[in-house]
Amino acid sequence: RAMRVSAACVLTTPVFENHRRRLVDLATQSRLPTVYAFRGWAEDGGLMSYGPDIADMFRRAATYVDKILRGAKPGDLPIKQPTKFDLILNLKTAKALGLTIPPSLLLLISRVVQPAPPERRRRATSAIAPRPTPNTISVPGSGTAAAVGG
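Predicted model only: the values in this text are computed from it and were never measured.

So what's going on with the pattern of salt bridges? Residues and values would help.
Scanning the entire structure with this criterion turns up eight salt bridges. For Arg-111, the salt bridge is made with Asp-86, and the minimal N-O distance between the two is 3.1 Å. Here the residue Arg-111 occupies a position in strand β5 (residues 111–113), and Asp-86 occupies one in strand β4 (residues 85–90), the gap between them amounting to 25 residues. Overall, the relative accessible area of 7% leaves Asp-86 in the buried class. Taken together, the salt bridges that share partners define one network made up of Glu-17, Arg-20 and Asp-44.

Tell me what's going on with the nonpolar core, and back it up with residues and numbers.
Ranked by size, the top nonpolar core spans eleven residues in total: Leu-47, Met-48, Leu-87, Leu-89, Leu-91, Ala-94, Leu-97, Ile-101, Leu-106, Ile-109 and Val-112. Aside from chain neighbours lying at most four places away, what touches Leu-87 is Met-48, Ser-49, Tyr-50, Leu-105, Leu-108, Ile-109, Ser-110 and Arg-111. Counting five residues, the second largest nonpolar core, distinct from the first, contains Val-10, Val-24, Ala-27 and Trp-41.

Tell me about the side chain of Asp-86, and please be specific about residues and values.
Polar side-chain contacts of Asp-86 include one of 3.1 Å to the side chain of Arg-111. Setting aside anything within four residues of it in sequence, one finds Asp-86 in contact with Arg-39, Ser-49, Tyr-50, Gly-51, Asp-53, Ser-110 and Arg-111.

Let's hear about the packing of aromatic side chains: which residues, and what values?
Tallied over the entire structure, the rule returns two aromatic pairs. Judged by centre distance (4.8 Å) and plane angle (15°), the ring pair of Tyr-36 and Trp-41 falls under stacked. With centroids separated by 5.9 Å and ring planes inclined at 20°, the aromatic side chains of Tyr-50 and Phe-85 adopt a geometry described as stacked. On the criterion of sequence distance, the pair formed by Tyr-50 in strand β3 (residues 48–52) and Phe-85 in strand β4 is long-range, its members being 35 residues apart.

Would you mind going over unusual backbone geometry in detail, with residue names and values included?
Even without being glycine, Arg-31 reaches a positive phi, approximately 55°. Relative to the helices and strands, Arg-31 is located in the loop between α2 (20–29) and β2 (34–36).

Any details on a nonpolar patch on the surface? Residues and values, ideally.
Taken together, the side chains of Ile-54, Met-57 and Phe-58 make up a nonpolar region of the molecular surface, amounting to roughly 290 Å² of accessible area. With respect to the helices and strands, the residue Met-57 is situated in helix α4 (residues 54–69). Since its relative accessible area comes to 33%, Met-57 is described here as partly exposed.

So what's going on with α4? Which residues, and what values?
The terminal C-alpha atoms of α4, which comprises 16 residues, lie 23 Å apart, in line with the 22 Å expected from a rise of 1.5 Å per residue. One side-chain oxygen of the residue at the start of α4 lies 3.0 Å from the amide nitrogen of Ala-55, identifying that residue as Asp-53.

Please give an account of the environment of Ala-61 that cites residues and values.
Along the polypeptide, Ala-61 turns up in helix α4. Judged by its relative accessible area of 34%, Ala-61 falls in the partly exposed class. Separated by 19 residues in sequence, Ala-61 and Lys-80 have C-alpha atoms that sit 9.6 Å apart.

About the cut-offs
Residues numbered from 1 in each chain as written. Predicted model: local features only at pLDDT ≥ 70, side-chain atom pairs only at ≥ 80, totals over all residues. Heavy atoms only, no water. Salt bridge = Lys/Arg side-chain N within 4 Å of Asp/Glu carboxyl O. Helix = DSSP H or I, 4+ residues; strand = E, 2+ residues; numbered from the N terminus. Buried < 20%, exposed > 50% of the residue type's maximum accessible area, 1.4 Å probe, protein only. Core = buried A, V, L, I, M, F, W, Y, C linked by side-chain atoms within 4.5 Å. Contact = heavy atoms within 4.5 Å. Polar contact = N/O pair within 3.5 Å; in protein donor to acceptor, adjacent residues only side chain to side chain. Phe/Tyr/Trp six-rings, centres within 6.5 Å; stacked < 30°, edge-to-face > 60°. Patch = residues over 30% accessible without salt bridge, like charges linked within 9 Å, V, L, I, M, F, W, Y side chains within 5 Å. Areas by Shrake-Rupley, 256 points an atom, 1.4 Å probe, with all protein chains shown as cover. Expected span 1.5 Å × (residues − 1).

In C-alpha cells:
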C-alpha cells in the first residue's frame, strides 16, 4: 500500500535553487505543505520559510570586512552564528492548500507574503509586506480567523 507524504521540508542546495519555481509549483500542485530555508522560496509561492535573515548576516559580515581592512587578523576574529531568524508565511499558498493557520503560529510570523502577479514577479523588488498590526487573517474554508497584533 502506498503511503502519502503529509508535509515536506526542503533544504537548499544549488540544484534545488536552480529549480526553485519548479519545486514550489510541484509542491503546490500536489497540495503538499512545504517549509523552505530561505525567504525567496516563500516569495516565489512556497507555503512558508524559516531561516536566518540573510540581510542581517550581510550587515554583520560588513563589520568583519571593516575590522580586517583596519588590520585585524581574520584568524583572530570570532566565528558568529546567525542571531536573527524569520518565519515567513505565504498567505495565498496557505489559502490554496486550504490550510488553517493556528493563531499561535500567526503570532510568531515575521512577515506575510503577498506575492506579485506572475508577470510582475521578475520586476518586483520585494513582494513582502510587513505584518500589519492589528489585523485579522482568515483562511477561506477554514471557518477561522485570528487577530494578529504586534
